[in-house]
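Residue strings, one per chain:
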Amino acid sequence: MIDDYIRDAMTQNQIPGLSIAVVQEGEPVLVQGYGLANIEHSVLATEHTVYEIASVGKTFTATAVMMLVEQGIISLEDTMPAAVNYADYLDYLPLTWQNVTIGHILSHQSGIPSYTDAPNYWEITHLNLSKSEILALVTHLPLKFQPGEFTAYDNTGYYLLGLILEKVTGQSYGDLLRDRIFAPLGMNATVMNDPSDIVPHRAAGYRLSNSKLVNKPYYSPSVTYSAGGQLSSVEDMVKWEQALCGGTLLKQSTLNKMWTPHFPNQGGDWEKLRYVAGLGWWVLNYGDRRVVGHNGSILGFASNITRFIDDKITVILLCNLDKISRPDAIAKKIAEYYCPNLTEVVLQPPL
């Protein structure tokens, strides 16, 4: 039945290839690929297939930050000037950014405009730009709101977190993730994306043009960085999920804080909200159930991880087609096969 549902969903969305993992009570119960990782060479998608995971990678960035918080190296209350030397990346630190804290950034409450919303963003995504050139897309713009006042999805903040991590550790962002997360967990297929690298089992990315599948255009990794520039497989993501289940990298109290809704200053009626930012995760309103997740979308690829914490089931979905409207909806439907009482929960709009 699950196979039939997944193949129907792939047909409806014209998805070439998709890899799924379901982890129940910390143990994988389904780890499998469907369709094609590469259409031109008829390469099957498997649990080993490596995809660009886009913003799902923000959960790695947030974890690295919280590891440093646990060690007392940085604090969620640290402001931008205290956290990083902007002289390395910017001609000046915008005055309006100086009261933004690491906690504001993690919970998407900084007010800093997202560089991916810049009017000329799609004109530069094929260029290999410096970090200062990426940040220059927004440094001249006013804040969207005062820090902590509202919540608005923001890639710039997570780009800045990469700079903070590099500054305080003396390591490159990629090396830091490798040494502190990927290598200890045995996530050997999970790396920073470099299109020039030879990556075993790398999937080709596709998009729809006038309802026809075409190869995705080049998309520079310089515009993703710590906001979602990783490659991974569902086999590796199972190890990530098991680390979250077991509190391997972070204390359970820290994880609980990351998975708790962080309401902006004016608060909000949780009963009326669809979802609220945690720290590196989105907390979905499923009534009295604890559910967290994150979608990822980039040219050629889409991804999702949804953790039904109280039901002890997690679904991870990676595919090689962009613009999938609801990868989280597919994940929830798959979860229902293992946890039928989830069918009574009204699915919230996308993250």
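Remember, it's a predicted structure, so these values are computed and weren't measured experimentally.

1. Description of the pairing of strand β6 (residues 206-209)
Here's step 1: Pairing of β6 with strand β7 (residues 212-215), which is carried by 4 bridges, proceeds in the antiparallel orientation. Bridge pairing in β7 places R207 opposite V214.
Here's step 2: Taken together, β6 and the strand that follows it, β7, pair antiparallel across an intervening segment of 2 residues, in which N210 is found at a positive phi of about 55 degrees.

2. Some points on the packing of aromatic side chains
Here's step 1: The final tally for this structure, using the stated rule, is 13 aromatic pairs.
Here's step 2: By way of ring pairs, the aromatic residues Y115, Y121, W122, Y159, Y173, Y219 and Y225 are connected into one cluster.
Here's step 3: One residue, K58, lies across the ring of Y158, its end atom 5.7 Å from the ring centre.
Here's step 4: Directly above the aromatic system of Y225 lies the positively charged group of K131, at a separation of 4.6 Å from the ring centroid.

3. Quick word on the packing of helix α2 (residues 58-70) against helix α8 (residues 173-185)
Here's step 1: Relative orientation of the contacting elements α2 and α8 amounts to 75 degrees, with a least axis distance of 11 Å. With respect to each other, α2 and α8 are oriented roughly perpendicular. Note on element contacts: α8 touches α2 through Y173, L176, L177, R180, I181 and F182, opposite F60, T61, T63, A64, M67 and L68.
Here's step 2: Classifying every residue of the contact of α2 with α8 gives 9 nonpolar, 2 polar and 1 charged.

4. A look at the confidence of the model for the chain
Here's step 1: Chain-level statistics for the chain give a pLDDT mean of 91 and a share of 92% at 70 or above.
Here's step 2: This model gives residues 347-351 a pLDDT under 50, and the stretch forms 23 contacts once residues within four places in sequence are excluded.

5. Focus: helix α11 (residues 327-338)
Here's step 1: With 12 residues, α11 ought to run about 16 Å at 1.5 Å a step, and its terminal C-alpha atoms sit 18 Å apart, in line with that.
Here's step 2: Those residues of α11 that fall on the buried side of the exposure criterion are P327, D328, I330, A331, K332, I334, A335 and E336.
Here's step 3: Packed against the buried residues of α11 are α1 (2-13), β1 (17-24), β10 (282-286), β11 (289-298), β12 (301-308) and β13 (313-319).

6. Things to note about the side chain of T49
Here's step 1: In this fold, T49 is placed in the loop between β3 (43-44) and β4 (51-52).
Here's step 2: Within the structure, the side chain of T49 is placed 2.8 Å from the backbone nitrogen of T46, a separation counted as a polar contact.
Here's step 3: For T49, the contacting residues outside a window of four places in its chain are S19, A37, L44, H201, A203, S232, S233 and V234.

7. Let's talk about the sheet that holds β4
Here's step 1: Taken in spatial order, the 3 strands of this open sheet run β4-β8-β5, and their pairing is antiparallel. Among the strands making up the open sheet, the edge pair consists of β4 and β5 (191-192).
Here's step 2: Pairing analysis gives 2 bridges linking β4 to strand β8 (residues 230-232), with the strands arranged antiparallel. In the strand pairing of β8, E52 is matched with L231.

8. A short note on the pattern of salt bridges
Here's step 1: Throughout the structure, instances matching the rule amount to 10 salt bridges.
Here's step 2: Between R207 and D322 there is a salt bridge whose closest N-O contact spans 3.2 Å. Highlighted residues: R207 in strand β6 and D322 in the loop between β13 and α11, separated in sequence by 115 residues.
Here's step 3: What emerges from the salt-bridge pattern is a single network uniting D175, R178 and D179.

9. Considerations on the state of the cysteines
Here's step 1: In the structure shown here, the tally under the stated rule is 0 disulfides.
Here's step 2: C339 provides the cysteine sulfur closest to C245, a residue in no disulfide bond, and the two sulfurs are 14 Å apart.

10. Regarding the pairing of β11
Here's step 1: The element β11 is largely enclosed, with a buried count of 8 among its 10 residues.
Here's step 2: Sheet analysis places β10 next to β11, joined by 5 bridges and oriented antiparallel. Of the residues in β11, the one forming a bridge with L284 is V291.
Here's step 3: Taking the residues between adjacent antiparallel strands as the criterion, β10 and β11 are bridged by 2 residues, where G287 takes a positive phi near 70 degrees.
Here's step 4: In terms of strand pairing, β11 meets β12 through 8 bridges, oriented antiparallel. In the sheet register, I298 faces β12, and the bridge partner there is F301.

11. Side note on the packing of α2 against helix α7 (residues 155-169)
Here's step 1: Between α2 and α7, whose axes approach to 10 Å, the crossing angle comes to 40 degrees. One element, α2, and the other, α7, form an angle in the oblique class. As for how α2 packs across α7, the hand of that crossing is left-handed. Residues K58, T61, A64, V65 and L68 of α2 lie in contact with α7, whose contacting residues are N155, Y158, L161, L165, V168 and T169.
Here's step 2: Here the contact of α2 with α7 is built from residues that sort into 7 nonpolar, 3 polar and 1 charged.

12. Quick notes on the sheet that holds strand β2 (residues 27-38)
Here's step 1: With respect to topology, 8 strands assemble into an open sheet ordered β3-β2-β1-β13-β12-β11-β10-β9, the strand pairing being antiparallel. With partners counted over all chains shown, the strands left at the sheet margins are β3 and β9 (275-277), one partner each.

Basis of the calculations
Residues numbered from 1 in each chain as written. Predicted model: local features only at pLDDT ≥ 70, side-chain atom pairs only at ≥ 80, totals over all residues. Heavy atoms only, no water. Pairing = 2+ DSSP bridges. Helix = DSSP H or I, 4+ residues; strand = E, 2+ residues; numbered from the N terminus. Phe/Tyr/Trp six-rings, centres within 6.5 Å; stacked < 30°, edge-to-face > 60°. Lys NZ or Arg CZ within 6 Å of the ring centre and 35° of its normal. Axes fitted to C-alpha atoms, helices over the stretch in contact; angles between N-to-C directions. Parallel < 35°, antiparallel > 145°, perpendicular 65-115°, else oblique. Contact = heavy atoms within 4.5 Å. Nonpolar A, V, L, I, M, F, W, Y, C, P; charged D, E, K, R; others polar. pLDDT = per-residue confidence, 0-100. Expected span 1.5 Å × (residues − 1). Buried < 20%, exposed > 50% of the residue type's maximum accessible area, 1.4 Å probe, protein only. Polar contact = N/O pair within 3.5 Å; in protein donor to acceptor, adjacent residues only side chain to side chain. Salt bridge = Lys/Arg side-chain N within 4 Å of Asp/Glu carboxyl O. Disulfide = S-S within 2.5 Å. Left-handed = near helix turned anticlockwise from the far one by under 90°.

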